[in-house]
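These are the residues of each chain, in order.
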Amino acid sequence: MGVCPSATMSLLRDNFTGALRPWARPEVLTCTPWGAPIIWDGTFDPDVAKQEARQQNLTIGLTVFAVGRYLEKYLERFLETAEQHFMAGQSVVYYVFTERPEAVSRVALGPERRLRVERVERERRWQDVSMARMRTLHAALSGRLVREAHFVFCMDVDQHFSSTFGPEALGESVAQLHSWHYHWPRWLLPFERNAHSAAKMARGEGDFYYHAAVFGGSVAALRGLTAHCARGLAWDRARGLEARWHDESHLNKFFWLHKPAKVLSPEFCWSPDLGRRTEIRRPRLLWAPKEYRLLRD
Ligand code: UDP
Ligand code: MN
């Protein structure tokens, strides 16, 4: 059933780039049970991925929300390091969503790279800011992004790039393994367990626990993902419920029902608090330390 061992698949047809070398990392899981590659450092050829993306003349979107104090605190570094490491050499459009477009600093952009700033309402609670992203993204993915981007990544702003995050990460739908949970047994994973929530997962359900700080895919796939999550969030709200990890709980439900075509190892979004681990060779994004008391409400 697995498609992982193949070395010649094309980015658009089969949703991943480059020659894959899953055998280069025998100590980690490099293929999901449904045959999607799990991308670890060394399991792909970044140059093949780059070339293939160039040949297909792709435009890649990167969406990020910076509302309230998150704007001053994180946005500039996120964008500056994205200029160094995110899809270098490709055509990229950043979409920044904020309630204060005028406060977004002018980051110097390379050729073929654009920045669009979109105004959003500021929600009162931080949980609502986080959850409202799904609805806003869905609207954006049904409008401008259809015309402007082939593939899109949606990311949290409280992190920065520390190494190459290139076209090897592209796919029809892409999920990020959560760095806290990738080695936990399934029954311990923090899925939503409330039977009344749209995000509910029964014991024994769930493949991996995915991190909502990074997800991606084609515009069409992401439209489906954001519609599902926005619907689930509205369903819960109408019943006075809030899933344990907010939008992330609904994202996990979505990827349980609709398996991602590609999975990124925790190297792609690593928490420095976890220290060094031999299997984490080259982190590509690093979480900022959590400073919730300073930033929230
Ligand atoms: N966010 C924001 N302002 C807020 C709360 C959240 O801009 O007041 C955005 C921001 O992009 C942030 C994301 O929503 O990275 C998710 O929130 P957070 O990072 O605080 O959640 P955590 O990663 O701790 O679960
Ligand atoms: Mn975050």
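Going by the structure above, here's the rest.
Caption draft 1: How the structure looks around the site of ligand 1. If you check the shell around ligand 1, you find 13 residues, and the closest are Phe65, Val67, Tyr70, Tyr292 and Arg296. Within the backbone of Val157, a nitrogen or oxygen atom sits 3.1 Å from an oxygen atom of ligand 1. Within the side chain of Asp158, one N or O atom sits 3.0 Å away from an oxygen atom of ligand 1. A majority-of-atoms criterion places ligand 1 in the largest pocket. Tallied by class, the residues present in the shell around ligand 1 amount to seven nonpolar, one polar and five charged.

Caption draft 2: A look at unusual backbone geometry. In this model, Asn57 sits at a positive phi of 55°, which is unusual for a non-glycine residue. The topology assignment puts Asn57 in the loop between helix 2 (46-55) and strand 2 (59-65). The phi dihedral of His246 falls on the positive side, at around 55°, and the residue is not glycine. Summarising the element assignment, His246 is placed in the loop between helix 6 (219-238) and helix 7 (247-257).

Caption draft 3: Examining empty space enclosed by the protein more closely. Here the structure, examined in full by the defined rule, presents four cavities of 30 Å³ or more. The space that makes up the largest cavity amounts to roughly 70 Å³. It is helix 4 (residues 126-142) that contributes the most residues to the lining of the largest cavity, four residues altogether. The computed volume of the second largest cavity comes to approximately 50 Å³. Asp156, Asp158, Gln159, His211, Ala213, Trp287 and Lys290 are the residues that line the second largest cavity.

Caption draft 4: Representation of the environment of Glu248. As for its position among the elements, Glu248 is in helix 7. Judged by its relative accessible area of 9%, Glu248 is buried. Remark: the alpha-carbon pair of Glu248 and Tyr182, spanning 66 residues in sequence, is separated by 15 Å. Ignoring any residue separated from it by four or fewer positions in sequence, one finds Glu248 in contact with His178, Tyr209, Tyr210, His211 and Ala212.

Caption draft 5: Examining the packing of aromatic side chains more closely. Enumeration over the complete set of coordinates arrives at 16 aromatic pairs. Ring geometry for Tyr210 and Phe255: centres 5.3 Å apart, planes at 70°, overall edge-to-face. Of the two residues, Tyr210 is situated in strand 8 (residues 210-218) and Phe255 in helix 7; the sequence distance between them amounts to 45 residues. No difference in accessibility class separates Tyr210 from Phe255, as the two residues are buried. Directly above the aromatic system of Trp235 lies the positively charged group of Arg239, at a separation of 3.3 Å from the ring centroid. The aromatic ring of Phe268 is capped on one face by Arg284, whose charged end is 4.9 Å from the ring centroid.

Caption draft 6: Molecular detail of the state of the cysteines. For the coordinates displayed, the defined rule picks out zero disulfides. Considering cysteine sulfurs only, Cys229 is the nearest to Cys154, which forms no disulfide, with 10 Å between them. Among the cysteines around Cys269, which has no disulfide bond, Cys154 carries the closest sulfur, lying 13 Å off. Here Cys269 falls in the buried class, since its relative accessible area comes to 0%.

Caption draft 7: Expanded view of the pattern of salt bridges. On inspection of all chains with the given rule, the structure shows 20 salt bridges. Across the pair Arg116 and Glu148 runs a salt bridge whose closest N-O atoms are separated by 2.7 Å. With Arg116 in strand 4 (residues 113-119) and Glu148 in helix 5 (residues 144-148), this pair connects stretches of sequence that are 32 residues apart. Residue classification places Glu148 among the buried positions, given a relative accessible area of 16%.

Caption draft 8: A look at the coordination of the manganese ion (ligand 2). At 2.1 to 2.6 Å from the manganese ion (ligand 2) lie its protein donor atoms, namely Asp156 (OD), Asp158 (OD) and Asp158 (OD). Residue classification places Asp156 among the buried residues on the basis of a relative accessible area of 16%. Judged by relative accessible area, Asp158 falls into the buried class, the value being 10%.

Caption draft 9: Geometry of the nonpolar core. Judged by nonpolar contacts, the single largest core of 41 residues is most densely connected at Phe86, Phe153, Met155 and Phe165. Counting only elements with at least two residues in this core, the list comes to strand 2, helix 3 (70-85), strand 3 (91-98), strand 5 (151-155), strand 8 and strand 10 (285-287). For this core, the element with the highest residue contribution is helix 3, accounting for seven residues. Membership of the second largest hydrophobic core comes to 40 residues, among which are Ala36, Ala140, Ala230 and Ile280.

What counts and what doesn't
- Residues numbered from 1 in each chain as written.
- Chains lettered and ligands numbered in written order.
- Predicted model: local features only at pLDDT ≥ 70, side-chain atom pairs only at ≥ 80, totals over all residues.
- Heavy atoms only, no water.
- Near = heavy atom within 4 Å.
- Polar contact = N/O pair within 3.5 Å; in protein donor to acceptor, adjacent residues only side chain to side chain.
- 1 Å grid on protein atoms, 1.4 Å probe; cavity = no way out; pocket = protein on both sides within 12 Å on 5 of 7 lines; lining within 4 Å.
- Sits in = over half its atoms within 2 Å of the grid points.
- Nonpolar A, V, L, I, M, F, W, Y, C, P; charged D, E, K, R; others polar.
- Helix = DSSP H or I, 4+ residues; strand = E, 2+ residues; numbered from the N terminus.
- Points joined across faces, edges and corners; volume = space filled by probe spheres on them.
- Buried < 20%, exposed > 50% of the residue type's maximum accessible area, 1.4 Å probe, protein only.
- Contact = heavy atoms within 4.5 Å.
- Phe/Tyr/Trp six-rings, centres within 6.5 Å; stacked < 30°, edge-to-face > 60°.
- Lys NZ or Arg CZ within 6 Å of the ring centre and 35° of its normal.
- Disulfide = S-S within 2.5 Å.
- Salt bridge = Lys/Arg side-chain N within 4 Å of Asp/Glu carboxyl O.
- Donors = N, O, S within 2.8 Å, 3.2 Å for Na, K, Ca; no water.
- Core = buried A, V, L, I, M, F, W, Y, C linked by side-chain atoms within 4.5 Å.

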